[in-house]
Structure formats: structure tokens, C-alpha cells
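Now for the letters of each chain:
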Amino acid sequence: SGIPGLNPNVLSFLSYPNPITNNLLNIAYELKEGSPVKFIILDVAGREVYRISENQSGGKHIDQISLENLATGVYFLEVFINDIGDTQKIVKIRW
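Residues numbered from 1 in each chain as written. Predicted model: local features only at pLDDT ≥ 70, side-chain atom pairs only at ≥ 80, totals over all residues. Heavy atoms only, no water.

Engineer: Please give an account of the sheet that holds strand β2 (residues 24–31) that cites residues and values.
Structural biologist: To summarise the sheet geometry, strands pair through backbone hydrogen bonds and adopt either a parallel or an antiparallel arrangement. The sheet built from three strands is open, its strands ordered β1-β2-β5 with antiparallel pairing. Each edge of the open sheet is held by one strand with a lone partner, namely β1 (13–16) and β5 (59–66). Here the average twist between neighbouring strands, direction ignored, is 15 degrees. (Pairing = 2+ DSSP bridges. Helix = DSSP H or I, 4+ residues; strand = E, 2+ residues; numbered from the N terminus. Axes fitted to C-alpha atoms, helices over the stretch in contact; angles between N-to-C directions.)

In C-alpha cells, the structure reads:
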């Protein structure tokens, strides 16, 4: 059935909460089969501040990334599944 609101024919992921207030970013996605997955976070100057790559099995996933070492501000989350990528703006604020 998939994650509600996501188009299964394109790279689809949901990151939440946004803005991030508790230092934790959740990324939800679904894989039809086992695939390499990569998450990269860039600051507004384009510098990489976080990266993780892993092979995931097929199915629904929710990965959690700790952002406690990042300052408040605007960042860009890049998600790659099978080398197909998409970018989303994320904001970290102090609550």
C-alpha cells in the first residue's frame, strides 16, 4: 500500500519534523527490494555536514538521524536510493 501521499513511481521519502526542534530527524521511505540508501546533509554553503550509506532490505523504513552536533539554521537533506536522488530543505531550530 505504501506511505500515504507518496508517489511509488518516483523517489519518495518523508522527513519529519520540519522544522526540527528535538535534534532528531526521521526519514520514512519504502523500498520495493533491497537497495543501497544514502543520506547526506549539506549546510547552506554546500558543505557536507553528515553522510551515511547503508544497504537496506525491501519494505518500509524509518531512519532517525541525530542533528545535535549541528547549529540552528537551514540545511539540505539529500536522499539517494539506487543512485537516484532528491533534495529537501530542512530547518533546525532551538525549542
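Structure shown, so let's carry the discussion forward.
Engineer: Can you tell me about the environment of Val 91, naming the residues and giving the values?
Structural biologist: Within the secondary structure, Val 91 is located in strand β7 (residues 84–92). Relative accessible area serves as the criterion here: at 24%, Val 91 is assigned to the partly exposed category. As for Val 91 and Tyr 75, which are separated by 16 residues in sequence, their C-alpha atoms are 6.1 Å apart. In contact with Val 91, other than residues within four places in its own chain, are Asn 18, Pro 19, Ile 20, Gly 73 and Val 74. (Buried < 20%, exposed > 50% of the residue type's maximum accessible area, 1.4 Å probe, protein only. Contact = heavy atoms within 4.5 Å.)

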